[in-house]
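# Commentary on secondary and tertiary structure
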Amino acid sequence: LWDTYRALHPLYTIIQEDKINDIIQSFLAIYDQQGRLPVWHLMSNETDCMIGYHSVPVIADAYFKGIKGFDEKLALQAMKKSATWDHLGLPAYMKKGLIEADDEHESVSKTLEYAYDDWCISIFAEAMSDFESKAKYERFAKAYEFYFDKSIRFMRGLDSKGEWRTPFNPRASTHRSDDYCEGTAWQWTWFVPHDVEGLVNLMGGE
């Protein structure tokens, strides 16, 4: 899903709309079997190969495009369970609202992706009249703000004291051993698709 939720699944809602409910039913069947929505299944097994819980935006995207042939209450339950799973920095994220570098590698990328997924949960929860969950995940959706260093205008890792990680090179990428996942600060700084205006404000202008 890390490779497909951004563009391929939204495309499916346009060119293969009749398949979407089957896909979501499969997501929910996997939730029933493994206790959370799929992250990256291969040959019917969860690999946890990448970051985020991106079944969430796939389901939300379908719902808000009027594709609603699935159990919506179960879907919300599955979303919330997946967002609180005990792995990949989520315990620290749920406790503090962000992941520090001492908590988990790829802390910036993971938090940025969790923030987007949580925004999707918040709007889906609102549609389900679960306003408590809406407010909770709406707060998490703002987590990207913690990482924006206004002095250099990049998303940047934080240590356990809340100080910027040094040395900092916006073009550096050491896969799975720094603050970013398969990318650099030049790429990850822009990953706030759910709050473009918020990022514009942090940048100081368009």
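Below is a summary of the structure that appears in this document. (Residues numbered from 1 in each chain as written. Predicted model: local features only at pLDDT ≥ 70, side-chain atom pairs only at ≥ 80, totals over all residues. Heavy atoms only, no water.)

### Some details on the overall build of the chain
Scanning the chain from N- to C-terminus turns up nine helices and four strands. Counting from the amino terminus, the chain carries its helices and strands in the arrangement α-α-β-β-α-α-α-α-α-β-β-α-α. Against the compact-globule benchmark of 17 Å for 206 residues, the chain has a radius of gyration of 17 Å, which places it among compact chains. For the chain, the spread of C-alpha atoms along the three principal axes comes to 50 × 35 × 35 Å. Split into buried and exposed, the 206 residues of the chain put 50% on the buried side. Sequence separation of 24 or more characterises 62% of the internal contacts of the chain that already satisfy a separation of 6 or more. Accessible surface, the chain as shown: approximately 10,300 Å² in total, 51% of it carbon and sulfur. (Helix = DSSP H or I, 4+ residues; strand = E, 2+ residues; numbered from the N terminus. Rg over C-alpha atoms; globule rule 2.2 N^0.38 Å. Buried < 20%, exposed > 50% of the residue type's maximum accessible area, 1.4 Å probe, protein only. Contact = heavy atoms within 4.5 Å. Areas by Shrake-Rupley, 256 points an atom, 1.4 Å probe, with all protein chains shown as cover.)

### Comments concerning the packing of helix H6 (residues 107–127) against helix H7 (residues 131–140)
Contact pair H6 / H7: the axes reach a minimum separation of 8 Å and the direction vectors enclose 160 degrees. One finds that H6 runs roughly antiparallel with respect to H7. Along this stretch, H6 crosses H7, giving a crossing that reads as left-handed. The segment H6 lies against H7, with Ala115, Asp118, Trp119, Ile121, Ser122, Ala125 and Glu126 engaging Phe131, Ser133, Lys134, Tyr137, Glu138 and Phe140. The residue makeup of the contact of H6 with H7, split by class, is seven nonpolar, two polar and four charged. (Axes fitted to C-alpha atoms, helices over the stretch in contact; angles between N-to-C directions. Parallel < 35°, antiparallel > 145°, perpendicular 65-115°, else oblique. Left-handed = near helix turned anticlockwise from the far one by under 90°. Nonpolar A, V, L, I, M, F, W, Y, C, P; charged D, E, K, R; others polar.)

### Details of a nonpolar patch on the surface
On the surface, a nonpolar cluster with roughly 370 Å² of combined accessible area is contributed by Leu8, Leu11, Ile14 and Ile15. Residue position: leucine 8 is located in helix H1 (residues 8–15). (Patch = residues over 30% accessible without salt bridge, like charges linked within 9 Å, V, L, I, M, F, W, Y side chains within 5 Å. Salt bridge = Lys/Arg side-chain N within 4 Å of Asp/Glu carboxyl O.)

### A few points about helix H4 (residues 72–83)
An α-helix turns once per 3.6 residues; consequently, residues spaced three or four apart project the same way. Here H4 contains twelve residues, and its C-alpha end-to-end distance of 17 Å stays within 8% of the 16 Å for a straight helix at 1.5 Å per residue. Listing the buried residues of H4 in full gives Ala75, Leu76, Ala78, Met79, Ser82 and Ala83. For H4, the angular spread of the buried residues around the axis is 160 degrees, confining them to a single face. Against the buried residues of H4 lie helix H2 (17–34), helix H3 (55–64), helix H5 (90–96), H6 and H7. Between a side-chain oxygen at the N-terminus of H4 and the backbone nitrogen of lysine 73 the separation is 3.2 Å; the capping residue is aspartate 71. (Expected span 1.5 Å × (residues − 1). Arc of directions from axis to C-beta. Polar contact = N/O pair within 3.5 Å; in protein donor to acceptor, adjacent residues only side chain to side chain.)

### Overview of the packing of aromatic side chains
Applying the stated criterion to the full structure yields twelve aromatic pairs. Geometrically, the ring pair formed by phenylalanine 154 and phenylalanine 168 is tilted, given 5.9 Å between the ring centres and 55 degrees between the ring planes. Of this pair, phenylalanine 154 sits in strand S4 (residues 154–155) while phenylalanine 168 is found in the loop between S4 and helix H8 (185–188), placing the two residues 14 residues apart along the sequence. The partly exposed category is assigned to phenylalanine 168, whose relative accessible area is 25%. Here tryptophan 188 and phenylalanine 191 contribute two aromatic rings whose centre-to-centre distance is 5.8 Å and whose plane-to-plane angle is 70 degrees, an arrangement assigned as edge-to-face. Pair check on accessibility: tryptophan 188 and phenylalanine 191 agree, each one buried. Among the aromatic residues, those joined into a ring-pair cluster are Tyr5, Tyr116, Trp119, Trp188 and Phe191. (Phe/Tyr/Trp six-rings, centres within 6.5 Å; stacked < 30°, edge-to-face > 60°.)

### Topic: the side chain of histidine 54
Structurally, the position occupied by histidine 54 is in the loop between strand S2 (45–46) and H3. Residue histidine 54 is classed as buried on the basis of its relative accessible area, which comes to 1%. Engagement of the side chain of histidine 54 in a polar contact is seen with the side chain of glutamate 113, the distance being 2.4 Å. In this structure the side chain of histidine 54 is engaged in a polar contact, spanning 2.8 Å, whose partner is the side chain of aspartate 117.

### A short note on the side chain of arginine 156
Structurally, arginine 156 can be placed in the loop between S4 and H8. Engagement of the side chain of arginine 156 in a polar contact is seen with the side chain of aspartate 149, the distance being 2.8 Å. Separated by 3.1 Å, the side chain of arginine 156 and the backbone oxygen of arginine 165 make a polar contact. Those residues in contact with arginine 156 that lie beyond four places of it in its chain are Val108, Tyr147, Asp149, Trp164, Arg165, Thr166, Phe168 and Tyr180.

### Points about the pattern of salt bridges
Tallying each qualifying case throughout the model produces 13 salt bridges. For aspartate 61, the salt bridge identified is with lysine 65, shortest N-O distance 3.1 Å. Taking relative accessible area as the criterion, aspartate 61 reaches 23% and is therefore assigned partly exposed. Here lysine 65 falls in the partly exposed class, since its relative accessible area comes to 41%. Taken together, the shared-partner salt bridges connect Lys96, Glu100 and Asp103 into one network.

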